Amino acid sequence: MAVQVHPEPARTSRLLSPSQILVFPAILLLVSFLVLPLLLITVYSFYSTDPVTGLMRPEGTLEQYQRIISSPIYRRVFFRSLEIAATSTSIALLLAYPVGYTLGRLVPRRYQPAALLLILVPFWTSYIVRTYGWIGFLQNGGFLDSVLSLLLPGRVQLDLLYTRAAVLIGFIHVYMPLIILPIFAVTRSLDTRLLEASADLGAPPWRTFWRVTLPLTLPGIVAGGSLFFIAVFGSFVTPQLLGGTGDLMIGNLIADQFGEAFNWPFGAALAIVITLVVLLGLVVLFRFARLEGFNETAVGQ
């Protein structure tokens, strides 16, 4: 009688696969430049400041957060920052969507790289240089006033510099590519069969856009709008250079606390607050937007 010998199951190798090994540098960079700095700022936010020496004291107190909540000045700055970020994001979406849609749907594929290059080249230019360019453009007697004075009778002075309008213009110009690129990506990959089916069923162009194109491009709108809003909400250079003293944003307040005031615990608490607000907004947005379900419902109708 032959004895059957069953081979022992191969032992699972404990060695990491090459793909897992390649992930470690990315994880190391993420932890080193994102997680650890955020943890450090979080720890600083629970410190206090010595009133005599101005140095930080590790006391584990909520004093900084209580100061933010109790002071109407800081609440006013916070809500002003939200207002400016929401307004500039809304205007930028209205301006960027036609550009992204045109690049993705109407421009031939062979010309799209050149068109994208025209959009990205200004984005690669120094942030400070672009902002200072708007100072020369918007100031009294600047380029805009000079052009309008040539076109209209009399000397025209719009007084746009150091106003809310100048801040919005600066934000929209600087961060516009953050919205254009996601919209371009989704419109470029649109299934044209769905658009043709809508037209074959007798839908006019505006209904096809509202019921098919817009829902299918909504992920790009949400992604671009989120990136734009986050960048604007924490920005401090544009309000500092283009805005007036009445439009102080939370980014300027944080920069002042870490710089001139040398109050790192309070600046850290402000940074944690805006980080939590941004994260909460993103969670709510992607939790309740239900983009995939909205797309399927809209296409099905």
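Now for a description of the structure that goes with this document. (Residues numbered from 1 in each chain as written. Predicted model: local features only at pLDDT ≥ 70, side-chain atom pairs only at ≥ 80, totals over all residues. Heavy atoms only, no water.)

The secondary structure content of the chain amounts to 14 helices and 2 strands. The burial tally for the chain puts 35% of its 301 residues in the buried class. Summarising the internal contacts of the chain: among those between residues at least 6 apart in sequence, 67% fall at separations of at least 24. Total accessible area computed for the chain in this model is approximately 18700 Å², and 69% of it derives from carbon and sulfur atoms. (Helix = DSSP H or I, 4+ residues; strand = E, 2+ residues; numbered from the N terminus. Buried < 20%, exposed > 50% of the residue type's maximum accessible area, 1.4 Å probe, protein only. Contact = heavy atoms within 4.5 Å. Areas by Shrake-Rupley, 256 points an atom, 1.4 Å probe, with all protein chains shown as cover.)

Moving on, we get to the side chain of threonine 217. Its place among the elements puts threonine 217 in helix α10 (residues 205–233). Looking at threonine 217, the relative accessible area reads 0%, which means it is buried.

Turning to a nonpolar patch on the surface, a few remarks are in order. A cluster of nonpolar side chains, Ile21, Val23, Phe24, Ile27, Leu30, Val31, Leu34, Val35, Leu36 and Leu39, forms an exposed patch at the surface whose accessible area comes to about 860 Å². If you trace the backbone, valine 23 turns up in helix α1 (residues 18–44). Its relative accessible area of 40% is what places valine 23 among the partly exposed residues. (Patch = residues over 30% accessible without salt bridge, like charges linked within 9 Å, V, L, I, M, F, W, Y side chains within 5 Å. Salt bridge = Lys/Arg side-chain N within 4 Å of Asp/Glu carboxyl O.)

Looking now at the nonpolar core. By size, the foremost hydrophobic cluster in this structure holds 50 residues, and its most contacted members are Leu103, Phe171, Tyr175, Phe228, Phe233 and Ile250. Per element, the largest residue contribution to this core is 9 residues, and it comes from helix α3 (residues 72–106). Residues in contact with phenylalanine 228, not counting those within four places in the same chain, are Ser88, Thr89, Ala92, Phe171, Ile172, Tyr175, Met176 and Ile179. (Core = buried A, V, L, I, M, F, W, Y, C linked by side-chain atoms within 4.5 Å.)

All right, on to the packing of aromatic side chains then. A full pass over the atoms with the stated rule returns 16 aromatic pairs. Seen from their ring centres, tyrosine 74 and phenylalanine 266 are 4.9 Å apart, and the 55 degrees between their planes marks the pair as tilted. Placement of the pair is tyrosine 74 in helix α3 and phenylalanine 266 in helix α13 (residues 264–288), with a sequence separation of 192 residues. Note on tyrosine 74: relative accessible area 16%, which makes it buried. When the ring of phenylalanine 137 is compared with that of phenylalanine 143, the centres are 5.3 Å apart and the planes differ by 35 degrees; the resulting orientation is tilted. (Phe/Tyr/Trp six-rings, centres within 6.5 Å; stacked < 30°, edge-to-face > 60°.)

Overall, the coordinates contain 5 salt bridges when judged by the stated rule. Across the salt bridge formed by aspartate 50 and arginine 57, the nearest N and O atoms sit 3.7 Å from each other. The salt bridge involving aspartate 191 is made with arginine 193; its shortest N-O contact spans 3.0 Å. The structure contains a network of salt bridges with shared partners spanning Asp50, Arg57 and Glu59.

Below, the discussion takes up the packing of helix α7 (residues 164–175) against α10. Packed helices, taken two at a time, are described by the angle their axes make and the gap between the axes. With their axes 11 Å apart at the nearest point, α7 and α10 run at an angle of 130 degrees to one another. Here α7 is positioned oblique relative to α10, judged by the angle of their axes. Of the two possible hands of crossing, α7 and α10 adopt the one that is right-handed. On the side of α7, the interface is formed by Phe171, Ile172 and Tyr175, while α10 contributes Phe228, Ala231 and Val232. (Axes fitted to C-alpha atoms, helices over the stretch in contact; angles between N-to-C directions. Parallel < 35°, antiparallel > 145°, perpendicular 65-115°, else oblique. Left-handed = near helix turned anticlockwise from the far one by under 90°.)

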